[in-house]
Amino acid sequence: MGVFSVENGVFRLDGTEFRVLSGAMHYFRVHPGQWRHRLAMLRAMGLNTVETYVPWNLHEPRRGEFRRMEELGAFLDAAAEEGLLAIVRPGPYICAEWDNGGLPAWLTGRIRTCDPEYLGHVDRYFDRLLPQVVERQVTRGGNVIMVQVENEYGSYGSDLAYLRHLADGLTARGVEVPLFTSDGPADWYLTGGTLPGVLATVNFGSDPDRAFAVLRKHRPDDPPFCMEFWCGWFDHWGHKHMTRDAGDAAAVLERILELGASVNLYMAHGGTNFGTWAGANQAGERAMGDWRPTVTSYDYDAPIDERGAPTEKFWRFRGVLSRYAGEPPAVPPVPAVLPAATLRPVQSVSLADALEAVAGPGTSAPVPPSFEELGLEHGLVLYRAEVPGPRGAYRLRLPGLRDRAHVFVDGRLAGVFERDAEEPEVTVSGPATVELLVESMGRTNYGPLTGETKGLTGGVLHHQQYLNGWSSRPIPLQDVSAVPFADGSQAGPRSFFRFVLEVDEPADTFLALPGWGKGYVWVNGFCLGRYWDRGPQRTLYVPAPLLRAGTNEIVVLELDRVGPALELRADPDLG
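Everything in this summary refers to the structure shown in the same document.

What counts and how
Note that residues are indexed from 1 along each chain, following the sequence as it is written. pLDDT decides what is reported in this predicted model: residues at 70 or higher carry local features, side-chain atom pairs at 80 or more are listed and counted, and totals for whole chains, interfaces and linings draw on all residues regardless. Based on all heavy atoms of the structure, the side-chain values leave hydrogens and waters out of the count. Segments assigned H or I by DSSP are reported as helices when at least four residues long, segments assigned E as strands when at least two residues long, and all are numbered from the N terminus. Think of it in three bands: residues with accessible area under 20% of the maximum for their type are buried, residues over 50% are exposed, and the middle band is partly exposed, with areas taken using a 1.4 Å probe on protein chains only. We call two residues contacting when some pair of their heavy atoms lies within 4.5 Å. Only strands that DSSP links by at least two bridges are regarded as paired with each other. Angles here are taken between N-to-C directions and fall from 0 to 180 degrees, while the axes themselves are lines fitted to C-alpha atoms, restricted in helices to the stretch in contact. Think of it like this: strands point away, you trace from the first strand over the helix to the second, and a clockwise trace means the crossover is right-handed. Each angle gets one of four labels, with under 35 degrees taken as roughly parallel, over 145 as roughly antiparallel, 65 to 115 as roughly perpendicular, and the rest as oblique.

## Some points on unusual backbone geometry
Put simply, Gly 389 and Pro 390 share a cis peptide bond, and its omega is 5 degrees. By the element assignment, Pro 390 lies in strand E17 (residues 379-397). Between Gly 430 and Pro 431 the backbone carries a cis peptide bond, its omega angle lying at 5 degrees. Secondary-structure assignment places Pro 431 in strand E21 (residues 427-439). Phi at Ala 96 is positive, roughly 60 degrees, even though this residue is not glycine. Residue position: Ala 96 is located in the loop between strand E6 (85-89) and helix H4 (116-129). At Asp 410, a position not held by glycine, the phi torsion is positive, near 50 degrees.

Structure (structure tokens):
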């Protein structure tokens, strides 16, 4: 058993003054088979603690349906075995550039407030989640030293009754280690997002003197702690790849430590937004502007890159940290990569021909139902309605589209609509059959627009008239094992393609699809995530544990444009 406490503005571990040198690494963004290597890399950089969020929507994707609940505990145990303490940030909201900020899409009630309906869902989830945190606290022989209350709440609201409910709920469920909040270093953040008796920490990427001065003004008795030192950044589809100069980041880290503060590197190792879990942001100071979906990679320009290799930033940070914490352990070997290769599809099938095998049951409704009403987290929905006639040619409009739609008129592609983009001019004469293949991308994860729905949220207008009488077929993308492939690769866009990869010994690789448009990739049934030719990301990371010696299957769902081949590369291309 141990004690981690705050005494006279100083952290103490078992009575000895202690500086938290932490790095963010999310267990849900790293294959479990690679946890130990990545954690060892954190230790080798000079850190003594690992921090992780917990995404509620991953663990309860549908109400009452819990899954993968044991992973957090297993990760904390792996961290302990690698000699690392742990900070847990259980939400319920986490941001993290994760779909919907970690909140399940099915939530009801007014999110992030003390609304009783919403809190009922939170309490039930915490009842299931927190025991594995509680039993791993340092006070009970484990390695958890701190637990967060909500996340950057001052960026969203000022419902202190809500924060108090969460803090009291954590304590009532057995959390004994210090609780904390984290917010930006400004008065409106710190007055809206903090609680008396709960430690306050700040998040920033530069100017630590100013940030800690603001924190000290509001919380003079709390130890200085940068809970998120943004040493890199994330990417959005269609925008520039973000990087940060390693020397600049190391200089800011040095200043944080010169000031006597504790720090959590965000991110120390970013990992990957596997599957469809990448979130999205709204542009602008108030986070209410254009919608920008996040790419599959969460490399983050972190000191430990997406496949676990040290970067220049790693070596610079290791040098800084060694001056404050002594010589770190040796750096583990970099994982091997497969040799470069080119693969061509051996089988294919159109989505239309595979529909009965991959789609859920159809529904009928006066207006197009949302993805959430169809019980779909992400994927595709095929909507169909009839345009009455005879009538002239009028423009079709999709107000409130979330997020992308291929529009077909009497079976022929008429145009592709995208959220927050100028609509193509698609005119339809009646009578006609209109079909819309709608794709969801990431839900907004930060700001006042968190909690959005997906689909044709504003209906479909033909001129000024709503079209009614919709049939809908949800197409989830979690499982492609039932896709009825046929030999050959002549299918066009909106088709599945199957590739075969022979491997002598599994190793990491990077998968590229030059000449292809937009879609999804699965390796041995595991969804790597989305690709899109607009970049900046051009390769998808394939962790070695997904592969097996012998024959491996790669499946691609292409929506826009079919390329000639798939490539395996030794190096990433993130833009």
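Text resumes after the structure shown.
## Overview of the environment of Val 503
Note that Val 503 resides in strand E27 (residues 495-503). According to the relative accessible area criterion, Val 503 is buried, its value standing at 6%. For the pair Val 503 and Thr 551, spaced 48 residues apart in the sequence, the C-alpha separation amounts to 6.6 Å. Not counting residues within four places of it along the chain, the set of residues in contact with Val 503 comprises Leu 338, Arg 548, Ala 549, Gly 550 and Asn 552.

## Notes on the environment of Pro 514
Mapped onto the elements of the fold, Pro 514 is located in the loop between strand E28 (509-512) and strand E29 (518-523). Note on Pro 514: relative accessible area 31%, which makes it partly exposed. Here the alpha-carbon distance between Pro 514 and Pro 564, two residues 50 residues apart in the chain, equals 7.9 Å. For Pro 514, the contacting residues outside a window of four places in its chain are Gly 563, Pro 564, Ala 565, Glu 567 and Arg 569.

## Examining the sheet that holds E6
Read around the closed barrel, eight strands run E4-E5-E6-E7-E8-E9-E10-E11, paired in parallel fashion. Each strand axis lies, on average, 30 degrees off the axis of its neighbour in the sheet, ignoring direction. Pairing between strand E10 (residues 225-230) and strand E11 (residues 262-269): four bridges, direction parallel. Counterpart to Phe 225 in the pairing with E11 is Ser 262. Each of strand E4 (21-25), strand E5 (49-53) and E11 touches helix H1 (residues 35-45); the most contacted strand, E4, lies at about 150 degrees to it.

## Brief notes about the pairing of strand E7 (residues 144-148)
The buried count for E7 comes to five of five residues, which makes it a mostly enclosed element. Alignment of E6 against E7, held across three bridges, turns out to be parallel. Residue pairing in the sheet places Ile 87 in a bridge with Met 146 of E7. Of the strand pairs in this sheet, E7 and strand E8 (residues 179-183) are connected by two bridges, and their pairing is parallel. The residue bridging Val 147 from the neighbouring strand is Leu 179, located in E8. One crossover worth recording links E7 to the parallel E8 by way of helix H6 (residues 160-172), and it is right-handed.

## Section: the packing of H1 against helix H10 (residues 312-325)
Put simply, H1 and H10 touch, their axes get as near as 8 Å, and they point 50 degrees apart. The angle between H1 and H10 places the two elements in the oblique class. For the pair H1 and H10, the contacting residues are Met 41, Ala 44 and Met 45 in the first and Phe 314, Phe 317, Arg 318 and Leu 321 in the second.

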